[in-house]
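Listed below are the residues making up each chain.
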Amino acid sequence: MSMDEMEDFRKTHYTKDIIPELIGKEVILGGWVQNYRDLGGLKFIILQDKFAERQITLKKGVVSNDLFDVKVGYQWNIMVKGIVKEFKKAPGGIEIIPSQIKILNKTPQKLPIDMTGETVSELDIRLDNRVLDLRSKKNQAIFRIRSEVINSIREFLLKNNFTEITTPKIIASATEGGTELFPIIYFEEEAFLSQSAQLYKEQLCSVFENVFEISPAFRAEKSHTKRHLCEIFTLDVEMAFANMQDVLKLLEEMIQFIIKDIREKRLDDLKILNMENKTIVPKIPFPRYTYKEIIEKISTEFNINVEFGEDISTEAYRKLGEVLPGYYFIIDWPTSSKPFYIIPYKDKPELTESFDLQKGYLELTSGGTRVHNKEYLEKRLEEKDLNPISFESHLRMFDFGMPPHAGAGLGIDRFITVLCGLDDIREAVMYPRTPDRLTP
Ligand code: ATP
Ligand code: MG
């Protein structure tokens, strides 16, 4: 079967740019056949591109017979040259009367997932056929919002004198402890995929002061939950001459800024996701609860006992999310549950200057004030049963005038899940990686 070539056809407009001022003008559109209908003497093709759709109208006698006989199928890739015409009943009040249609690529007769918007296929089947799936209205809305959120984070932080850094994702040793790392073969050596930018961003604080990075991080956890992935996308921030309180303030202001921004620029997308009344600008300051207050609340209100120092269970978080559905901080975590680089309080060494930012039941961010004194950091490593020698290259950087600093890591995929009202984190990522998914 022969297919048309593009030849000298070039898109003159996106669907969104076909406005009433163009009535009577010739345009060339390119995209995919979202739907088509044959009413005998009248045929409609709904062409979608990355922004929206337009109706192509083929009327017998108006278009050439050859053109009228053109066959299309769902999601075929086509280009259309035609005249813009006013037609009240068409979507957007405009239709295109074609003079030429190029069929650039076809699809199988039966698509693996429904693309007409009538039914939603099962998530795993959708992920198996991800490019097709991503063309749905809902997915286009999710990823336009995701793109805007990332843009908005940059805008906010750059405006606040942060410098964007890029740190290596291939690292030499299992640095932080805690999370499992993915080993890789680096020529003749073993290396690892980075679990976070933690140590590098701290180092760079002693140069660029306030820094941020937006990058992937790799977590070799066999978690089968709707909030865990093996490859995540995170925002790391680190501030020099600052402590936890400064980071809390930065984060709540940033979240407020981002939500204002997407409501301004992506309200149509929030509407597609039915989130226009749910993703609303939160009031600041966000409430701050101490870890102790939270475990007491969990005990008295839900009768779930958490010993001091223990993690809060998923069940307890779920219940907490019912009574605290908004954004809030849990501060002052036990020293035993936090990594070596988090600073304990001077007067209460069993507690650290650390926090999680929650949205309801879901943890979005962890952070805190860091240890900036080298001797103390070595002591903290030993207390955590880690060997200072394996941190030698990191510790050396603390000899060169490391300022006091504090920061946080925010899971962008989880944040998108919240903003878009998604049930499963895999929906917030174009190509999710989980313990049982490595393709596409
Ligand atoms: P959790 O306890 O929920 O597994 P964590 O405390 O191990 O998360 P951190 O190391 O604090 O995670 O990472 C910072 C942020 O990155 C988290 O608050 C979360 O938003 C995100 N994050 C961490 N691990 C994952 C993961 N496996 N999948 C998706 N997001 C993650
Ligand atoms: Mg955490």
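Refer to the structure printed above.
Residues numbered from 1 in each chain as written. Chains lettered and ligands numbered in written order. Predicted model: local features only at pLDDT ≥ 70, side-chain atom pairs only at ≥ 80, totals over all residues. Heavy atoms only, no water.

## Focus on the environment of Asp436
Argument step 1. Mapped onto the fold, Asp436 is located in the segment after α12 (412-420).
Argument step 2. Considered as a pair, Asp436 and His224 are 212 residues apart in the sequence and their alpha carbons are 9.0 Å apart. (Helix = DSSP H or I, 4+ residues; strand = E, 2+ residues; numbered from the N terminus.)

## Some words on the packing of aromatic side chains
Argument step 1. Enumeration over the complete set of coordinates arrives at 12 aromatic pairs.
Argument step 2. A centroid spacing of 4.9 Å and a plane angle of 80 degrees characterise the contact between Tyr14 and Phe51, whose relative ring orientation is edge-to-face. In this pair, Tyr14 is assigned in the segment before β1 (26-38) and Phe51 in the loop between β2 (42-48) and β3 (53-59), connecting sequence segments 37 residues apart.
Argument step 3. Since its relative accessible area comes to 33%, Tyr14 is described here as partly exposed.
Argument step 4. Within the aromatic cluster, the residues linked to one another by ring pairs are Phe286, Tyr327, Phe329 and Phe355.
Argument step 5. Just above the ring of Tyr361 sits the side chain of Arg318; from NZ or CZ to the centre is 3.8 Å.
Argument step 6. The ring of Tyr345 is capped by Lys348, whose NZ or CZ atom sits 4.5 Å from the centre of that ring. (Phe/Tyr/Trp six-rings, centres within 6.5 Å; stacked < 30°, edge-to-face > 60°. Buried < 20%, exposed > 50% of the residue type's maximum accessible area, 1.4 Å probe, protein only. Lys NZ or Arg CZ within 6 Å of the ring centre and 35° of its normal.)

## Here's the deal with the side chain of Ser196
Argument step 1. Within the element layout of this structure, Ser196 appears in the loop between β9 (189-193) and α5 (198-208).
Argument step 2. Looking at Ser196, its side chain comes within polar contact range of the main-chain nitrogen of Gln198, at 3.1 Å. (Polar contact = N/O pair within 3.5 Å; in protein donor to acceptor, adjacent residues only side chain to side chain.)

## Regarding a nonpolar patch on the surface
Argument step 1. A cluster of nonpolar side chains, namely Val131, Met430 and Tyr431, defines an oily patch on the protein surface of about 290 Å² accessible area.
Argument step 2. Positionally, Met430 belongs in the segment after α12. (Patch = residues over 30% accessible without salt bridge, like charges linked within 9 Å, V, L, I, M, F, W, Y side chains within 5 Å. Areas by Shrake-Rupley, 256 points an atom, 1.4 Å probe, with all protein chains shown as cover. Salt bridge = Lys/Arg side-chain N within 4 Å of Asp/Glu carboxyl O.)

## Focus: the site of ligand 1
Argument step 1. Residues in contact with ligand 1 amount to 14 residues; listed here are only the nearest, Arg219, His228, Leu229, Glu363 and Leu364.
Argument step 2. The contact in question runs from an oxygen atom of ligand 1 to an N or O atom on the side chain of Arg219, over 2.9 Å.
Argument step 3. One of the backbone nitrogen or oxygen atoms of Leu229 is found 2.8 Å away from a nitrogen atom of ligand 1.
Argument step 4. Here ligand 1 has 580 Å² of accessible area as a free molecule, and 79% of this is covered by the chains.
Argument step 5. Mapped by element, the contributors of at least two residues to the shell around ligand 1 are β15 (362-369) and β16 (405-411).
Argument step 6. Top element by residues in the shell around ligand 1 is β15. It accounts for 4 residues. (Near = heavy atom within 4 Å.)

## Regarding unusual backbone geometry
Argument step 1. Here the residue pair Ile284 and Pro285 is connected by a cis peptide bond, since its omega of 0 degrees sits within 30 degrees of zero.
Argument step 2. In this structure, Pro285 sits in the loop between α7 (267-272) and β12 (288-290).
Argument step 3. Residue Pro440 follows Thr439 across a cis peptide bond; omega there is -10 degrees.
Argument step 4. Here Glu7, not a glycine, exhibits a phi torsion of approximately 50 degrees, which is positive.
Argument step 5. In this fold, Glu7 is placed in the segment before β1.

## A short note on the sheet that holds strand β7 (residues 170-171)
Argument step 1. Taken in spatial order, the 3 strands line up as β7-β9-β8 in an open sheet, and their pairing is antiparallel. On the outer flanks of this sheet lie β7 and β8 (183-186), each paired with one strand and no other.
Argument step 2. Across 4 bridges, β8 lies against β9 in antiparallel orientation. Bridging across to β9, Ile185 finds its partner in Glu190. (Pairing = 2+ DSSP bridges.)

## A few points about α5
Argument step 1. Turning to α5, its buried residues number three or more, namely Gln198, Leu199, Lys201, Glu202, Gln203 and Cys205.
Argument step 2. With its phi angle positive at about 65 degrees, Glu209 sits one or two positions after the end of α5.

## So, the pattern of salt bridges
Close approach of charged atoms allows side chains with opposite charge to pair.
Argument step 1. This model, assessed by the stated rule, comprises 32 salt bridges.
Argument step 2. Here Arg288 makes a salt bridge to Glu252, at a shortest N to O gap of 3.0 Å. Taken as a pair, Arg288 in strand β12 and Glu252 in helix α6 (residues 244-265) lie far apart in primary sequence, 36 residues in all.
Argument step 3. Close ionic contact of Glu383 with Lys379 constitutes a salt bridge, the shortest N to O distance being 3.4 Å. Of the two residues, Glu383 and Lys379 are both situated in helix α10 (residues 374-383); the distance of 4 residues between them amounts to about one turn of the helix.

## Examining the pairing of strand β13 (residues 327-331)
It is a general feature of regular strands that their side chains alternate between the two faces of the sheet.
Argument step 1. For β13, a buried count of 5 out of 5 residues is recorded, marking the element as mostly surrounded by other parts of the structure.
Argument step 2. Side-chain alternation along β13 places Tyr327, Phe329 and Ile331 on one buried face and Tyr328 and Ile330 on a second face that is also buried.
Argument step 3. As paired elements, β12 and β13 share 3 bridges and run parallel to each other. Following the sheet pairing, Tyr289 is matched in β13 by Ile330.
Argument step 4. Bridge count for β13 against strand β14 (residues 354-359) is 5 bridges, and the pairing is antiparallel. Pairing of Tyr328 across the sheet is with Gln358, part of β14.

## Structural notes on α12
Argument step 1. Counting buried residues in α12 gives 9 out of 9 residues, a clear majority hidden from the surface.
Argument step 2. For α12, the full list of buried residues reads Ile412, Asp413, Arg414, Phe415, Ile416, Thr417, Val418, Leu419 and Cys420.
Argument step 3. Positive backbone phi, approximately 65 degrees, marks Gly421, located one or two places after α12.

Without other data, these values stay purely geometric and don't point to any function.
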